Amino acid sequence: MKEYLRERIHAALTAAGVSVEPASIQLEAPNQPEHGDLATNVAMTLAKQEKKNPRQIATELVEHFQRDDEKIAAVEIAGPGFINFRFADGYVKDEAFRILKEAGNYGKTADSSGRVNVEWVSANPTGPLHAGHGRQVCIGATLCNLLEWTGWDVTREYYFNNAGNQMNNLAETVRERYLEALGDAPDEEKVHYVGDYVKEIGRGIVEEHGEAKRDAALDFFRGEGEKWCFAHITRTLDKLGVKHDVFFNEDALYKEGKIDAVLQQFKEKDLSYEQEGATWLRTTAFGTDKDRVIVKSTGEPTYRLPDIAYHIEKVQRGYDKIIDIFGADHMAAYPDVIAGVKALGHETGHIDVIIHQMVSFVNEGESVKMSKRSGNVYYLNDLIDDVGVDAVRYFFIMRGVNTHLEFDIKLAQEQSEKNPVYYLQYAHARIASILRFAADEGFSLTDEGSFSNLDHQSEIELMKKLLDFPGVLEMSARNYEIHHIGNYLNEVATAFHKFYHDCRVVTEDKELSRSRLQLCRAVQQVLRNGFAVLGISAPEKM
RNA sequence: GCGCCCAUAGCUCAGCCGGAUAGAGCAUCUGCCUUCUAAGCAGAGGGUCCCAGGUUCGAGUCCUGGUGGGCGUGCCA
């Protein structure tokens, strides 16, 4: 509809002797319903160029506007020079009915956007995911779904940091806990990770190998620790319905010599230098405040070097777009990495970085304290057990990514109207119930029919709301702003509940009942499609 | 100190390229179930959009400078 109006407005302006770029014609839904369904401010933006009063331009535009009564019921000039368009009810009804035919595809864009790689979670395999990780898990999973819906071929990737010093620390901790499980006193100096899960790993090794591994090399314990953590992390992700296509192992970069290759290139281009036994990258040449170490004096690379090699790897795989998601606490890492990749002559313009702010947890009005040092950690598994998968998936994406998120555990547990995810699911279940009732009454529904006999204002408003779905997905995907989806679905649920309240669905009037049942099905379809993007379930009963 | 993010109703937050009278949920108050799910609907009250300048027909939105908070600023990731 927007495109149609844009084209007609452009034609009208051209006929009136005004030249304008079609793309610069803005159309948006007004706040007040009495201002119509779409409005343009084009007369006001052209006022200066044309040296005319905005209302005069608007008047000329409307005079030359060729209105198709099938689609547009009214064109009005209002306020300082807005032009308001009101859709014809027949158009709204026909479009809304098509939702039933498009069904599970309603809202999808044709596959043409290209290939995109989304890397997220990428938590170190040194322990279970904690509750705070949940935000990134859900943001990334939802974004991937959304990108798929809007025509992207998505590769879901997890960068598995199974190299580096943190793995040595894990290995030492595992060895201490293993020895402890055999009855030795642990050397607290070597216990880097205090969580109980490492004791579990230690006990597991005892069960499998007994005392046989007393003198095993650190590599053995590293392997055991990594294996356990990987299994644990993927199990948690699996619970949330999150599946990665690729787990990219950091150690592969070492094995394949890619770390050395990158280091060599930096040297050749004089982008690195030796100082105090370490190798530094001249990031100041890229505009940062100071140079950064990429190889420590111990000979081990810092995270930056493998990250650069990894990103080069991803760039070379030839995606149309590469998206990295990470939390604000890792904010400092990426500019150097991108700059490093670029400095070696690789394209970086198609790399988008999404930074999300941190999460705090509140329960019964009390903030939930977490301390890694004391091992007092609230794990993502615990959160899932406490509030359920759907609440986790929904709560973590209901706010914009660059504001802090306060996760109210009590609210998420609440099975009432206070809980926004229940409100949404209730609408779906309510429709399912109506459809069951209708089936008992002898209604059988196909995808044929029309909404031509639905004229109640609640019905028309509901249909209009359903028609917004593709646009909401498109806008959300374009801006990587997934929280709009949840808000939108809430509006759909509200419009449906209002309709339900105003219009009895199953009545003596069979034809009216049929149409209203079809409208219910269309609402249910939009909710289902939206839930599919968000990764939450669509209950038939509640 | 410097970098990024944030500041909108009592609370948690929306507000897509700058648009018309700034919105939602919760909380508070008032109505609505013999009829398809009241986990619902309707209504009321509640605002210095942090402050000060600037840009223009028009600023919650853009710019500058402050104030307050979060996260960084490691030879951790």
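Residues numbered from 1 in each chain as written. Chains lettered and ligands numbered in written order. Predicted model: local features only at pLDDT ≥ 70, side-chain atom pairs only at ≥ 80, totals over all residues. Heavy atoms only, no water.

Another aspect to go through is the overall build of chain A. Across its full length, chain A carries 21 helices and 15 strands. Judged by the C-alpha coordinates and their principal axes, chain A covers about 85 × 65 × 40 Å. For chain A, the proportion of its 542 residues judged to be buried stands at 50%. Looking at chain A alone, contacts between residues at least 24 apart form 72% of all its contacts between residues at least 6 apart. Per element, the accessible surface of chain A, about 25200 Å² overall, is 46% carbon and sulfur. When the 62 basic and 85 acidic side-chain charges of chain A are each reduced to a single mean position, those positions are 2 Å apart. (Helix = DSSP H or I, 4+ residues; strand = E, 2+ residues; numbered from the N terminus. Buried < 20%, exposed > 50% of the residue type's maximum accessible area, 1.4 Å probe, protein only. Contact = heavy atoms within 4.5 Å. Areas by Shrake-Rupley, 256 points an atom, 1.4 Å probe, with all protein chains shown as cover. Lys, Arg positive; Asp, Glu negative; His and termini not counted. Charge placed at Lys NZ, Arg CZ, Asp CG, Glu CD.)

Reading across the sheet, the five strands line up as 7-6-5-11-12 and stay open at both edges, with parallel pairing between neighbours. Of all strands in the sheet, those with a lone pairing partner are strand 7 (246-249) and strand 12 (351-356), marking the two edges. Shown here is a sheet whose adjacent strand axes are inclined to one another by a mean of 25°, direction ignored. Across four bridges, the pairing between strand 6 (residues 152-160) and strand 7 is parallel. Counterpart to Glu157 in the pairing with strand 7 is Val246. Where helix 12 (residues 304-316) meets the sheet, its contacts fall on strand 5 (114-119), strand 6, strand 7, strand 11 (321-327) and strand 12, and the angle it forms with strand 6 comes to roughly 160°. (Pairing = 2+ DSSP bridges. Axes fitted to C-alpha atoms, helices over the stretch in contact; angles between N-to-C directions.)

Glancing now at the pattern of salt bridges. By the definition in use, this model includes 37 salt bridges. Note that Glu148 is salt-bridged to Arg156, the shortest N-O span being 2.9 Å. Measuring nitrogen to oxygen at the nearest pair gives 3.5 Å for the salt bridge that ties Asp270 to Arg282. Separated by twelve residues along the polypeptide, Asp270 in the loop between helix 11 (258-268) and strand 8 (272-275) and Arg282 in the loop between strand 9 (278-281) and strand 10 (292-295) bring together distant segments of the chain. When salt bridges with common partners are traced through the structure, they connect Glu157, Glu256, Lys258, Glu313 and Arg317 into a single cluster. (Salt bridge = Lys/Arg side-chain N within 4 Å of Asp/Glu carboxyl O.)

On to the sheet that holds strand 13 (residues 359-363), then. Sheet architecture is open: three strands sit in the order 14-13-15, paired in mixed fashion. Of all strands in the sheet, those bounded by a partner on one side alone are strand 14 (366-367) and strand 15 (405-408). Where strand 13 and strand 14 come together, two bridges link them in antiparallel fashion. In the sheet register, Val362 faces strand 14, and the bridge partner there is Ser367. Along the sheet face, helix 15 (residues 389-397) touches strand 13 and strand 15 and points at about 155° away from the line of strand 15.

Joining two cysteines, a disulfide is a covalent bond between their sulfur atoms. As enumerated under the stated definition, the model contains zero disulfides in all. Its sulfur unpaired, Cys144 is 12 Å from the next cysteine sulfur, which belongs to Cys138. Of the residues examined, Cys144 reaches a relative accessible area of 0% and is grouped as buried. (Disulfide = S-S within 2.5 Å.)

Following the sequence through the fold, Ser113 ends up in the loop between helix 5 (89-102) and strand 5. For Ser113, a relative accessible area of 27% translates into the label partly exposed. In this structure, the C-alpha to C-alpha distance between Ser113 and Lys258, residues 145 residues apart in sequence, is 31 Å. Leaving out residues up to four positions away in the same chain, Ser113 has contacts with Thr150, Gly151 and Trp152. Of note is the side chain of Ser113, whose polar atom sits 2.9 Å from the backbone oxygen of Thr150. (Polar contact = N/O pair within 3.5 Å; in protein donor to acceptor, adjacent residues only side chain to side chain.)

Attention now moves to the nonpolar core. In this structure, Ile9, Leu383 and Phe407 are the most contacted members of the largest nonpolar core, which totals 118 residues. Sequence-distant contacts of Phe407, defined by excluding residues within four places in its chain, comprise Val359, Ser360, Phe361, Val362, Leu383, Val387, Ala391, Val392, Phe395, Phe396 and Ala412. Counting 24 residues, the second largest nonpolar core, distinct from the first, contains Leu253, Tyr319, Val337 and Val341. (Core = buried A, V, L, I, M, F, W, Y, C linked by side-chain atoms within 4.5 Å.)

What surrounds RNA strand B is a group of 67 residues, the closest being Phe82, Lys290, Glu417, Tyr426 and Arg430. Taking all atoms of RNA strand B within 4 Å of the protein, the share assigned to sugar and phosphate is 64%. In this structure, a sugar or linking oxygen belonging to RNA strand B sits 2.7 Å away from a side-chain N or O atom of Asn161. The separation between a phosphate oxygen of RNA strand B and a polar main-chain atom of Glu406 is 3.2 Å. (Near = heavy atom within 4 Å.)

Right, let's talk about the side chain of Asn84 for a bit. Its place among the elements puts Asn84 in strand 4 (residues 82-87). Owing to a relative accessible area of 5%, Asn84 belongs among the buried residues under this scheme. The residues contacting Asn84, other than those within four sequence positions of it, are His35, Leu38, Ala39, Ala74, Val75, Glu76 and Ala78.

Splitting chain A by domain gives domain 1 (2-87), domain 2 (92-111 + 417-534), domain 3 (114-160 + 244-356) and domain 4 (165-239). Put simply, the middle of domain 1 and the middle of domain 3, counted by C-alpha atoms, are 47 Å apart. (Domains from an automatic or database assignment.)

What follows covers the side chain of Thr155. Locating Thr155 in the fold gives a position in strand 6. Beyond its immediate sequence surroundings of up to four residues, Thr155 is in contact with Val116, Asn117, Val118, Asp245, Val246 and Tyr319.

To describe a pair of aromatic rings, you give the distance between the ring centres and the angle between the ring planes. Going through the model one piece at a time under the given rule, you end up with 26 aromatic pairs. Relative to Phe85, the ring of Phe65 lies with its centre 5.4 Å away and its plane at 45°, an arrangement referred to as tilted. In this pair, Phe65 sits in the loop between helix 4 (54-64) and strand 3 (72-78) while Phe85 sits in strand 4, placing the two residues 20 residues apart along the sequence. By relative accessible area, Phe65 is classed as buried at 9%. Accessibility expressed as a relative area gives 0% for Phe85, which makes it buried. An aromatic cluster is present here, built from Phe361, Tyr378, Phe395, Phe396 and Phe407 joined pairwise through their rings. Over the ring of Tyr4 we find Lys71; its NZ or CZ atom is 4.3 Å from the centre of that ring. (Phe/Tyr/Trp six-rings, centres within 6.5 Å; stacked < 30°, edge-to-face > 60°. Lys NZ or Arg CZ within 6 Å of the ring centre and 35° of its normal.)

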